[in-house]
Each structure stands twice: as C-alpha cells, then as structure tokens.
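Okay, here's what each chain looks like letter by letter:
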Amino acid sequence: MADGWCSDNGESVYRSRDAVKNFRIRVRIQRVTSTAALSEHLHQQVLSQQERGVIELETFSTQTASSTDEEELVVAWQEKFFSQYEVDLYQTESNCQTPLERQYHTDIMAMERSKRRQNQRIFTYTDFDRFSKWEEQAQSLVIPAQPTPTFLAERMANVRHRRQERRPAESNVPKSRLITWEPSEEFVKNSHIINTPVQTMYIMADLGPTGKLGLKENEYVLCTIKADGNGVISIKPDFNNNRGAYRLETEGEKREVWRLYLENASSDIQAEEKDREQRMYRDLYTRHKDYLNSLVGQDFEMPPPGILRLIVNGEIVSAQGYEYDNLYVHFFVDLPNNWSSVSSHCLSGVTQTCRTRSIEKEDVAFFSYPFSFETFFHKEDESDGSLPQWPVLYFKVLSLDFWQRFRTEGYGYLVIPSTSGRHRMTCRTWRAVQRGTVAELRRFFIGGAPELEDISYVRIPGTFKGERLSRFGFRTQTTGSVTFTLNCIQHARAFIDASTLKKRRQTVLDQLGGHSQQGSVYNVLEAFQRAHKRMQEARETLPRDLINTSALLNSESSA
Amino acid sequence: MAELHIIGQIIGATGFPQNSLFCKWGVHTGGAWRLLSGLREGQTQVDMPQTGDMAYWSHPIDLHYTTKGLQGWPKLHLQVWHQDSFGRCQLYGYGYIHVPSSPGQHRLQCVTWRPLGSWQDQLSEMFVGGGPQLRSPDLIYSGADRYRLHTVGMGTVELELCIILRHFDRYGVES
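Predicted model, so just to flag it, every value in this text is computed and none were measured.

## A look at the overall build of chain B
Then comes step 1: Broken down by element type, chain B carries one helix and 10 strands.
Then comes step 2: Going from N to C terminus, chain B has its helices and strands arranged as β-β-β-β-β-β-β-β-α-β-β.
Then comes step 3: Taking all 175 residues of chain B together, the buried fraction comes to 54%.
Then comes step 4: For chain B, the exposed area adds up to about 7900 Å²; of that, 50% sits on carbon and sulfur atoms.

## Focus on the sheet that holds strand β5 (residues 122-125) of chain A
Residues and elements named next belong to chain A.
Then comes step 1: The five strands lie next to each other as β2-β8-β7-β6-β5, forming an open sheet whose pairing is antiparallel. Whereas interior strands pair on both sides, the edge strands pair on one side only; in this sheet they are β2 (12-15) and β5. With direction set aside, neighbouring strand axes in the sheet form an average angle of 20°.
Then comes step 2: Where β5 meets strand β6 (residues 198-206), four bridges bridge the pair, whose relative direction is antiparallel.

## What to know about the side chain of S318(A)
All names here are of chain A.
Then comes step 1: Note on placement: S318 falls in strand β11 (residues 308-320).
Then comes step 2: Here the side chain of S318 touches Q320 through a polar contact of 3.0 Å, side chain to side chain.
Then comes step 3: If near-sequence neighbours (up to four positions away) are discounted, S318 is found in contact with V364, A365, F366, F367, S481, V482 and T483.

## Overview of the interface of chain A and chain B
Then comes step 1: Between chain A and chain B, the contact holds 45 residues from the first and 52 residues from the second.
Then comes step 2: If you sort the residues of chain A by the area they bury against chain B, V296(A), F300(A) and R355(A) come out on top, with a joint share of 17%.
Then comes step 3: Between the two partners, chain A and chain B, sit zero salt bridges.
Then comes step 4: Put simply, chain A and chain B have 13 residue pairs in polar contact (both at pLDDT 80 or more) between them.
Then comes step 5: The set of elements that each furnish at least two residues to the side of chain A that touches chain B consists of α8 (271-296), β11, β15 (353-355), β17 (363-377), β20 (421-432), β21 (476-491) and α10 (494-500) of chain A.
Then comes step 6: In terms of residues, the side of chain A that touches chain B owes the most to one element, β17(A), which gives eight residues.
Then comes step 7: Here the residues of the side of chain A that touches chain B are counted per class, giving 19 nonpolar, 17 polar and nine charged.

## Some points on empty space enclosed by the protein
Then comes step 1: Under the definition given, this model contains one cavity of 30 Å³ or more.
Then comes step 2: Of the volumes computed, that of the largest cavity is approximately 50 Å³.
Then comes step 3: Lining the largest cavity, in full, are E315(A), V317(A), S368(A), R422(A), R424(A), T485(A), Y96(B), I97(B), Q109(B), C110(B) and V111(B).
Then comes step 4: A total of three residues in the lining of the largest cavity trace back to one element, the largest contributor, which is strand β8 (residues 104-115) of chain B.
Then comes step 5: In terms of residue class, the lining of the largest cavity is built from five nonpolar, three polar and three charged.

## A few points about unusual backbone geometry
Residues and elements named next belong to chain B.
Then comes step 1: For S58, which is not a glycine, the phi torsion comes out positive at approximately 50°.
Then comes step 2: Mapping S58 onto the fold places it in strand β5 (residues 55-67).
Then comes step 3: Even without glycine at this site, H167 takes up a positive phi of about 70°.
Then comes step 4: The topology assignment puts H167 in the loop between β9 (150-166) and β10 (173-174).

## What to know about helix α4 (residues 99-114) of chain A
All names here are of chain A.
Then comes step 1: Along its 16 residues, α4 runs 23 Å from first to last C-alpha, staying within 8% of the 22 Å computed at 1.5 Å per residue.
Then comes step 2: The complete set of buried residues in α4 reads E101, Y104, H105, I108 and M111. The buried residues of α4 all sit within an arc of 135° when viewed along its axis, so they share a single face. Opposite the buried face of α4, by more than 90 degrees, sit the exposed residues P99 and R113.
Then comes step 3: Against α3 (84-91) lie the buried residues of α4.

## Some details on the nonpolar core
Then comes step 1: In this structure, I6(B), L78(B) and V157(B) are the most contacted members of the largest nonpolar core, which totals 39 residues.
Then comes step 2: The set of elements that each furnish at least two residues to this core consists of β1 (2-14), β2 (21-28), β5, β6 (75-83), β7 (89-98), β8 and β9 of chain B.
Then comes step 3: The leading source of residues in this core is β9(B), at six residues.
Then comes step 4: Not counting residues within four places of it along the chain, the set of residues in contact with V157(B) comprises I10(B), G12(B), A13(B), W57(B), L78(B), V80(B), L108(B), Q109(B), C110(B) and T112(B).
Then comes step 5: One finds F331(A), F371(A), L414(A) and C488(A) within the second-largest nonpolar core, a separate group that totals 32 residues.

## Describing the packing of α3(A) against α4(A)
All names here are of chain A.
Then comes step 1: Contact geometry of α3 with α4 gives a least axis separation of 9 Å together with a crossing angle of 105°. Compared by their axis directions, α3 and α4 come out roughly perpendicular. Facing E86, V87, Y90 and Q91 of α3, the residues of α4 in contact are E101, Y104, H105, I108, M109, M111 and E112.

## Observations regarding the confidence of the model for chain A
Residues and elements named next belong to chain A.
Then comes step 1: Averaged over every residue, the pLDDT of chain A is 73; the share at 70 or more is 69%.
Then comes step 2: Residue range residues 50-67 is modelled with pLDDT below 50. Its contacts to residues more than four positions away, or to other chains, number four contacts.
Then comes step 3: Every residue in residues 160-171 scores below 50 in pLDDT, and together they form 23 contacts with partners more than four places removed in sequence or on other chains.

## Focus on a nonpolar patch on the surface
Then comes step 1: On the surface, F402(A), W403(A), W119(B), L123(B), M126(B), F127(B) and V128(B) cluster together into a nonpolar patch covering about 960 Å² of accessible area.
Then comes step 2: Mapped onto the fold, F127(B) is located in helix α1 (residues 119-128).

## Thoughts on the pattern of salt bridges
Then comes step 1: All told, the structure shown has nine salt bridges over all chains when counted by the stated rule.
Then comes step 2: Its salt-bridge partner being E323(A), residue R431(A) comes within 3.8 Å of it at the nearest N-O pair. Of this pair, R431(A) sits in strand β20 while E323(A) sits in the loop between β11 and β12 (327-334); the two residues are 108 residues apart in sequence, bridging distant segments of the chain.
Then comes step 3: In this structure E323(A) comes out as exposed when scored by relative accessible area, which is 53%.
Then comes step 4: Here R107(B) makes a salt bridge to E158(B), at a shortest N to O gap of 3.0 Å. Of the two residues, R107(B) is situated in strand β8 and E158(B) in strand β9; the sequence distance between them amounts to 51 residues.
Then comes step 5: Taking the relative accessible area as the measure of exposure, R107(B) reaches 48% and is therefore partly exposed.
Then comes step 6: Overall, the relative accessible area of 14% leaves E158(B) in the buried class.

## As for the side chain of S456(A)
Residues and elements named next belong to chain A.
Then comes step 1: Locating S456 in the fold gives a position in the loop between α9 (437-445) and β21.
Then comes step 2: Judged by its relative accessible area of 9%, S456 is buried.
Then comes step 3: Discounting residues that sit within four places of it in the chain, S456 has contacts with Y394, P461 and G462.

## Topic: the environment of D62(B)
Residues and elements named next belong to chain B.
Then comes step 1: When you line up the elements, D62 lands in strand β5.
Then comes step 2: Considering only alpha carbons, one finds D62 and L39, 23 residues apart in sequence, at a separation of 7.3 Å.
Then comes step 3: Not counting residues up to four positions away in its chain, the partners in contact with D62 are I6, I7, S37, G38 and L39.

Cut-off values and rules
Every residue gets a number counted from 1 within its own chain, in the order that chain's sequence is written. The naming scheme follows written order: chains are lettered A onward, ligands numbered 1 onward. Where local features are concerned, this predicted model is filtered to residues with pLDDT of at least 70; where side-chain atom pairs are given and counted, the filter is 80 or more; whole-chain, interface and lining totals use all residues. Each side-chain value is derived from all of the structure's non-hydrogen atoms; neither hydrogens nor water enter the calculation. The numbering of helices and of strands both runs from the N terminus, where a helix is a DSSP run of H or I of at least 4 residues and a strand a run of E of at least 2. Relative accessibility decides the category of a residue: with a 1.4 Å probe and only protein chains considered, values under 20% of the type maximum give buried, values over 50% give exposed, and everything between is partly exposed. To measure how exposed things are, a 1.4 Å probe is used in the Shrake-Rupley method; for residues, cover is taken only from the protein chains shown. Note: two strands are recorded as paired if DSSP finds a minimum of 2 bridges between them. Every axis corresponds to a line fitted to the C-alpha atoms, with the helix fit spanning only the stretch in contact, and the corresponding angles, defined between N-to-C directions, vary from 0 to 180 degrees. Two N or O atoms form a polar contact when they lie within 3.5 Å of each other; inside protein one atom must be a possible hydrogen donor and the other a possible acceptor, and for residues adjacent in sequence the pair counts only when both atoms belong to side chains. Contacts: residue pairs with any heavy atoms within 4.5 Å of one another. Buried surface area refers to the total accessible area, computed with a probe of radius 1.4 Å, that the two partners give up upon joining, counted for both partners together. Any Lys or Arg side-chain nitrogen found within 4 Å of a carboxyl oxygen on Asp or Glu counts as a salt bridge. Put simply, Ala, Val, Leu, Ile, Met, Phe, Trp, Tyr, Cys and Pro go in the nonpolar bin, Asp, Glu, Lys and Arg in the charged bin, and everything else, Gly too, in the polar bin. Each cavity reported here is a set of points on a 1 Å grid over the protein atoms alone in which a 1.4 Å probe fits but cannot get out, each pocket an open set with protein on both sides within 12 Å along at least five of seven lines, and each lining residue one with an atom within 4 Å of a point. Grid points are joined across faces, edges and corners, and a volume is the space filled by probe spheres set on the points. Helix span, as expected, comes to 1.5 Å for every residue beyond the first. To obtain the arc, one takes the directions from the helix axis to the C-beta atoms. Buried Ala, Val, Leu, Ile, Met, Phe, Trp, Tyr and Cys residues that are joined via side-chain atoms within 4.5 Å together make up what is termed a nonpolar core. The scheme is simple: roughly parallel for angles under 35 degrees, roughly antiparallel for over 145, roughly perpendicular for 65 to 115, oblique for anything else. Residue-level confidence of the predictor is what pLDDT reports, using numbers from 0 through 100. Each patch is built from salt-bridge-free residues with over 30% relative accessible area, joining like charges within 9 Å and nonpolar side chains (Val, Leu, Ile, Met, Phe, Trp, Tyr) within 5 Å.

Set out below in structure tokens:
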C-alpha cells in the first residue's frame, strides 16, 4: 500500500487576482484498512465457494460499498460545516453564550428540521470559531511539548486574532483624548497592529469508528487554508494534482489509515464575464485619469518669442561679523542693457532691523527676508557679438541703534547666477573709511560715515567710460558678510524647441548668443554634410575605375 | 499646466533659548497655483529632547500643486513656539523660506526671528513671558513692510524637501 502515497506534506502558496470568496476545494477521504481488507477477504472466500447462493454475494457487496468509509465534500471559503460534536453541543440552547454560538444554534435546529445535512465526517472550523485560536496555541515547536505556552505565545495568539473583537474602524480620530494613559487589556488587543491580517480556515475530519462520531479526540486536521487581503492563499498540504493520496493515520489502538484527496474545485470565470470585468476596470482607470487631467488642465503662460524670462525667488538669510548691532540690509537689483522688468514689480527692498546673537564666536543677524523679481532679456542687435550681462544685486548693510544713529556697515554686490537652480552665496562686504581720527570719532559718537554717492561703484560704475578702471586713492575697511539663497528659473520658448528636437543640451550662455551663433553652427553642420556627400560620391566612383582597369588588363593578357 | 510635488519633512529645530518647542507651518502660493492634494498647513507635536539642543519633529509634508504660471512660487512660513511646564505657549520665532525650484532632494535651514518691543516690554517679558507678535503674519509674505520691524535673531529650523517637477520642460522652463 505504500506505492500510492504522497509523502510531501508541504505548504503551497498561490496568488489569486480573484476575490477569495470564489475559492472552492473538494475534499475526499477514504478508509483503507481493516474493514475494507476484511470485506475483500470474505469476498474472495465467497467467490471460491460457488455452491453458495446469490443472497450472500449481494450482502457482501452492499457492505463493501458502505457510505461511512468514504466521504466527499466541496467546501467554499469560510463555509461552516458542523461536526457531530458541534451538533450535539449547540443543540442545547443553554450551551450558547456568544452571538455566534446562538447563530449556530439556529442553523443547527433549521438543519435538523429540514434534514439537509450534507456532511457526516468532514467538517470545517472557520476564522470566527474558537478552534482557530486554540489550534495556534496548541501547536508547539519543540518535540517534548510544554504543558503551558510562554507569555509571548499567548500574546501573539491574542494579537493575531484581534480582529474578531474589533469595533468598526472610525474614519476620524477624536481631537480630545489622543493618548490613553492606562491602556486596558481590551484596548491593547484592539489597537495593536501586525503586518498582514490573515484569515484562517481548517478542514477537519471526525475519524472515529462508525456509529461513534462526535468525540473531540477523534478530530484530525485535513487541510489548513490561509488567505490575506493581497490575494495570497497558502494551502497546507497542497492539492494532489494526480499524485498519490495523502496518508492519514489515526492514533489509538486500531491504527486506521485513511486516504486524503484535495482538489481545486474553483470554477473559472466565463469569457464574457471576464471581458466585461476587464472593460469595467479599464473604463474606471480611464475615467480617473481623465479626471486628473481635467484638474491639471492644459494652459500655461508663455513669454513672447525671442525673450528669456528670468525669475528669481530668493531670501536674505543672515548677516554676520559686523561691528555694531541692530543691522538691516538695503538692496536693489540693477538691470544691464537689453534687460527689462515689469513696472509693477519692486526691484528694491529693506529688511527689518535685527539684533544679532552669538553663534560660534560670531555675531549673526537673522533676516529670513524673502524677495522675488522677474526680468526679461531681449537681444535686439544681433550683430553685437558680446555675451549678455546678467543682473546684479547691490546691497548695503546699515546699523541703527537706540538713539536713532545709523552707520554704514558694509557694501557688497551679488551677480545673479546664469544657471538655474538653487544657489546659496555668501558675499563679503567693505566700507569706506576716511583718513584720520576725526572720522572714527564722529562715527563712534554721532554716527554717520563716508557713503558712496553711487552704489554701483562697488562693481563697475554706471558712468564709467573707458577701458581701465582704477580705484587708486579709494580707502576701505573689511567688514562682515551677508548670506543669500537664490532660486533661479529661466523660461523661454527656445527651450521648447531645444527639448523637442532632443538637441545636445547647451549652456544658457550659448543659447543666449542668439541667432548668430546658431547660424554659425548651422553653417558648420551644412559644410560637414556637403563634405560627407562628396566623400560618398568619391567612394562610389572608385570601384568602377578599378573594375575598368582590371578589364583592360584581362583584354591585354588575352591578346 | 505643469505640476509640482513637494514631499519631505520638517526635521527639527535648534539654537533656541529653551527646548520644548513646536512648530506651526503653512505654504503660501500665488493665484496661478492650485492645490490638488495634501495639507497646506499644520502643526507639529511639542518635543522635549532629553539630551542635546535639537528638538526633533519629523513632521511630514506632502503637497501636489498644479500651476498656470511661474509667478507666486510656493513659500513656506514657519512659527516656532515654546510651551513651558505650565502649558503657556510663547512665540519663539518666525521663518520664511522659498520652496526650492530645482528638482531633487534639498536640505534647508530656515533662520527665524521674533519681534522685539521696547525696553519695558523686554523687562516684563523676562519675568512674565509673552511678548509682541505679528498682528497678521500674512502681511509680510512679500516683505514689503518689513522695515517697520525691530527683531532679534533666534534659532534655525531644519527641513528636508524633495521636489518633483512635471511638464515644466514641456513649456520651456529650465529650473
């Protein structure tokens, strides 16, 4: 009898895109020991003695096909089939305490009244039964099983099946009582969350002797099925799939052996329903995508053609290292030639007066002053080959004290970066000093200091005409520094063509060179293509000349 | 339209006179911007660090904007408050920072300041707490009226923002 057994009792994991409620499994058990063998033995004896009558043969045939030795049942997901023990237990109403047990009592009485019982030996324990919790506690990983489970095992059993006592989840958290300072056992059971909630179902069998069903010690686990919300179904043991039957051996004195067959009985969806379902899902996703696209829209503001739009969002972060306290920064943006701005925009500003604080032996004033401006660049004269100049931010740091005296603490400038993105810059400053002690005394007592008449003298004065800038004679003293953060965005229609044609990305300076540079690049490309064509023509004519030469050689040799 | 995703967190704050801080934050945008999903303002928990100077919040920010123009890029404004052992809340600093305009992950430091009153106000504040606050923080988003203020620098708020731009290159925006 060992030839037909399947000894692989391992677990198998399946993934299903269908809902788990469509799961069906066909379970069949068959007894193979003493009664069947005895019947076969007696059958052979009867066959050997042909003198006997027909009545005895019929009796033995009927006994061989007894229904208590074989049973087949198709079980759906979480479908409850009652065992004889449960029927006897829940028939008495006083044994039912929980609402589930009262429901079982009602079902059993209705089943007894209508005589519609489909199973005798095979029954199920669903996820809501108490057996699912007891079974997990009872399973022990150590061969000499401990009489009592550990504290961790008890906690894990309670945590894993917390869902049964859980209240319906509320969508909104109450504003008051966010924290439970003394959680109760029930609160811990309800609120603790583990990774994946798994529903479990056990298919059991009552393998007691014929006519003596209903004892709990004769119950055996045929199959354990687990499913989670992600469509993962694990079955232990696996379906037979044309392999041998599983061997199920009972305990006790008789040592009976049963055959176990597990078969997937889930019905496939029909082609029409499958197409309808796929079409429904596709329509749902398409409608959701259209909804998002309608929210986003299609329009976007664009600058006029041939104009570069520069948007700078920045902050004056801090000023550090200055002599006096209560600093503020006065700044403005200077636009060179070919640059323009919207008249409504403000290209200058003054920060608040900020008292410094010491950070790592340095006095720092925090401004956190946001500013934004927008400028446009339009190059009208194409013949001019010089690169465009970028806007410059000039700033002046001043201090204001309790007596309303203000002093110039430093001058500085910041060239707006020509690359897009986020930039963090620290600019050093200096202030003009005057020779002699009188100026310093005046600065200390009265306030005031030499000031620049034109602040663009920090870099290149606007009125400067000539080739060489000389600052000889101008006297300064080094002071602190100012930190800026700039976010530069550049916007132009030419960038669309650049990205559309998938050209090699050039720097902004090259693109801002205008049509003249692009024209020169185009000329180079055109010359290259012409040279390429000429080389191809030369390559095409060369084999003919060689063929003609070899033909002439052949004719001469033949002559 | 183009879309902008701002995903990140307010990590914490450091450099304030005392810990036990919490932060109110909000995002301000121009008229061309529209919020598709996410919360545009919120408030963190009060953090009392056991060791060290930094208070950690790890407050998540997840915003999805769509826009018709580049004007009014999102701006983040923060208010750092201090809660003492009696439960009184005191303003510790205002901070303003532009959301970065380049894609990728950015680690930002937002410096904060708070307004300062006269010497009588400072003396009473030393004993009983409180102090001047901005009448309406919205008035100084643009920074136009900042020059009237007299402030003192406070600590620094640390943020980590990840910027994802969509369809900006389709309209010729290089950022």
